[in-house]
Amino acid sequence: LFNSIGRVIGDMHFILPLAFLAHFVLAANAHSSAATSVASHINAAKPPPSPDAQQQSIPIIDIAPLISPTSNLSERQSVADQIGRACTNIGFFAIINHGIRTSTIDALLKSSRRFFDMSEEDKLLAKSADDAEYPYGYERSEVLSKGKQLDGGEIASEEGECRVATNESSTPDLKETFSLGPKLSPTGQPARRWPPKVPDVFISTHEEYFAAMEFLANNLLRGFALALGLDEQYFRPYFEQHQCALRTLNYPDTGSNLQSGQIRAGAHTDYGALTILKTGGPGLQVRKDVADQEGWLDTPDLEDALIVNVGDMMRRWTNDRWASTLHRVVVPDINNSSNGAQRRQSVAFFVNARGDASVEPLPTCVSENYPAKYEPVTAGDYLLRKHLASMGSAL
């Protein structure tokens, strides 16, 4: 996240990372005259949702102090404390005043929709020939629940009871995706490859959104560090040559073509440190990864909010203090949803550490009474094993 700044200077599509760089300058000197450089990127702060909206089971957190270059440590700590409670209780939260322009989001959704409207033949030209080249290209046969099975984790059945995952085959998720990683990655990922028949705007909108997410992810990681009793910059070296991934998703109109038990995205947990999601309507549900949790919770579907959730890697880092929560995307009940089973789009940004980072329980999450539960793992190897399991492959 940090070294990427130097690589994009001069690239006309990457205006936002320059604001990201300016943010670090301003953090050291809140009165710098360069404040307008960051302010131009951040949307004007909006008031919190109404009290009724605040009653959601998944909390809505105003993260403006994490974004603002003039906030003080006390203000950032207050936000971090809310994040810590959310990550402990449910592993999901919605964020407002996150600094990402609506126009940046809308432009990506529009260009990706045009890609998914292309013929199957043209889209398959963007499919990777090697599943190990995570996270690149077009895909339509992923079964996300298999990534959870790699851990022998619990998958919730449609009847609402928990069972230990098995290696049973499953129908593919009802979705198609296009994914890409960092522009340059010294830690092992291949260079970006674009579909051969897309307009330039497809490339520019993906690049701009990726850069905006790098900016936001860095600030969220600072909040995560404060929530865990660490220095704000604790996670910085782990993400300097990151393996983050941007994924656009298209959930087609299902009509009456559902197979028994088939849903848009099977119950799974995410693999990395955290995920930043722009949902495209109702259907995303979460369930805390414990046997006594009752039922699935719908995530807030707020126009200006993004959804953030803890991934398996952060769960290991926190020694199970924070929850990496099961979630899925269902087809809404056509009788109880204004959107019915119509087409749905979303955008996920998976925040992954550098490939060679060694991840083990954090010092603030380990004690004599609560010893480390996990051995160190190499972030890139762990991520790839999870990805290959979701594709029905193995290392």
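Cut-offs used in this document
Counting restarts for each chain, with residues numbered from 1 along the sequence as it is written. Note on the predicted model: pLDDT of at least 70 is required for a residue's local features to be given, and 80 or more for side-chain atom pairs to be given and counted; whole-chain, interface and lining totals, by contrast, use all residues. The side-chain quantities take in all heavy atoms of the structure and omit both hydrogens and water. Under the DSSP-based scheme used, a helix requires at least four consecutive residues in state H or I and a strand at least two consecutive residues in state E, with every element numbered from the N terminus. Relative accessible area decides the class of each residue, using a 1.4 Å probe on protein chains only: under 20% of the type maximum gives buried, over 50% gives exposed, and in between gives partly exposed. Any pair of residues with heavy atoms lying within 4.5 Å of one another is described as a contacting pair. Computed with a 1.4 Å probe, the accessible areas rest on the Shrake-Rupley method; for each residue, only the protein chains presented here act as cover. Axis definition: a line fit to C-alpha positions, over the contact stretch in the case of helices; interaxial angles, taken between N-to-C directions, run 0 to 180 degrees. The cut-offs work like this: below 35 degrees is roughly parallel, past 145 is roughly antiparallel, 65 to 115 is roughly perpendicular, and the gaps in between are oblique. In this scheme, a crossing is called left-handed if the near helix is turned counterclockwise away from the far one by less than a right angle; it is called right-handed if the turn is clockwise. Three classes are used, and their members are as follows: Ala, Val, Leu, Ile, Met, Phe, Trp, Tyr, Cys and Pro are nonpolar, Asp, Glu, Lys and Arg are charged, and the others, Gly among them, are polar. The term salt bridge refers to a pairing of a side-chain nitrogen on Lys or Arg with a carboxyl oxygen on Asp or Glu at a separation within 4 Å. Whenever two N or O atoms come within 3.5 Å, that pair is a polar contact, provided that in protein one can donate a hydrogen and the other can accept it, and provided that, for residues adjacent in sequence, both atoms are side-chain atoms. Note on pairing: DSSP must find at least two bridges between two strands before they are called paired. Between rings of Phe, Tyr and Trp, where Trp is taken as its six-membered ring, a pair exists when centres lie within 6.5 Å; planes separated by under 30 degrees are stacked, by over 60 edge-to-face, and by other angles tilted.

(A) Representation of the overall build of the protein. Looking only at helices and strands, one finds 12 helices and 16 strands in the protein. Burial statistics for the protein: of 395 residues in total, 55% are counted as buried. A separation of at least 24 residues holds for 80% of the contacts in the protein among residues at least 6 apart in sequence. Total accessible area computed for the protein in this model is approximately 16,800 Å², and 49% of it derives from carbon and sulfur atoms.

(B) Broad picture of the packing of helix 7 (residues 102-116) against helix 10 (residues 200-227). Helix 10 packs onto helix 7 with a crossing angle of 140° between their chain directions and a minimal axis gap of 9 Å. When the interaxial angle is binned, helix 7 and helix 10 end up oblique. Here helix 7 and helix 10 pass one another in a crossing that is left-handed. Every residue of helix 10 that contacts helix 7 at Thr 104, Ile 105, Ala 107, Leu 108, Ser 111, Ser 112, Arg 114 and Phe 115 is listed here: Val 201, Phe 202, Thr 205, His 206, Glu 208 and Tyr 209. Classifying every residue of the contact of helix 7 with helix 10 gives 7 nonpolar, 5 polar and 2 charged.

(C) Representation of the pattern of salt bridges. Inspection of the entire model under this criterion finds 13 salt bridges. The salt bridge involving Lys 123 is made with Glu 120; its shortest N-O contact spans 3.5 Å. Placement of both Lys 123 and Glu 120 in helix 8 (residues 120-124) is noted, with a separation of 3 residues, approximately one turn of the helix. Note on Lys 123: relative accessible area 3%, which makes it buried. In this structure, Arg 236 and Glu 240 form a salt bridge, with 3.9 Å as the shortest nitrogen-oxygen distance. Linked by salt bridges that have partners in common, Arg 76, Arg 222 and Glu 232 make up one network.

(D) Layout of the environment of Tyr 374. Residue position: Tyr 374 is located in the loop between strand 15 (358-359) and strand 16 (377-378). Measuring from C-alpha to C-alpha, the distance between Tyr 374 and Pro 361 comes to 6.8 Å, with 13 residues separating the pair along the chain. When sequence neighbours within four positions are dropped, the list of residues in contact with Tyr 374 reads Arg 315, Arg 316, Asn 319, Asp 320 and Pro 361. Of the polar contacts made by the side chain of Tyr 374, one reaches the side chain of Asp 320; its length is 2.6 Å.

(E) Structural view of the sheet that holds strand 1 (residues 60-62). Across the sheet, which stays open at both edges, the 8 strands sit in the order 1-2-12-9-14-7-6-3 with mixed pairing between neighbours. The open sheet is flanked by strand 1 and strand 3 (137-139), the only strands paired with a single partner. This sheet shows a mean twist of 25° between the axes of neighbouring strands, independent of strand direction. Bridge count between strand 3 and strand 6 (residues 176-180): 3 bridges; the pairing is antiparallel. In the strand pairing of strand 6, Tyr 138 is matched with Phe 178.

(F) Just the pairing of strand 7 (residues 245-251), in detail. Within strand 7, 7 of the 7 residues are buried, leaving the element largely enclosed by the surrounding structure. Alternating residues of strand 7 divide into Ala 245, Arg 247, Leu 249 and Tyr 251 and Leu 246, Thr 248 and Asn 250, and every residue in both groups is buried. Sheet topology note: the strand 7/strand 14 (residues 344-351) ladder contains 7 bridges and is antiparallel. Counterpart to Arg 247 in the pairing with strand 14 is Ala 348.

(G) Up close: the packing of aromatic side chains. Using the criterion set out here, one finds 16 aromatic pairs in the structure. Ring plane angle 90° and centroid distance 5.4 Å describe the contact between Tyr 234 and Phe 235, whose orientation is recorded as edge-to-face. With a relative accessible area of 2%, Phe 235 lands in the buried category. Through successive ring pairs, a cluster of aromatic residues spans Phe 115, Phe 116, Tyr 138, Phe 178, Trp 194 and Phe 202.

(H) Molecular detail of the sheet that holds strand 11 (residues 297-298). Here 4 strands make up an open sheet; going across it, the order is 8-13-10-11 and the pairing antiparallel. Pairing within the sheet leaves two strands with one partner each, and these edge strands are strand 8 (265-268) and strand 11. As paired elements, strand 8 and strand 13 (residues 326-329) share 2 bridges and run antiparallel to each other. Bridge pairing links His 268 to His 327 in strand 13.

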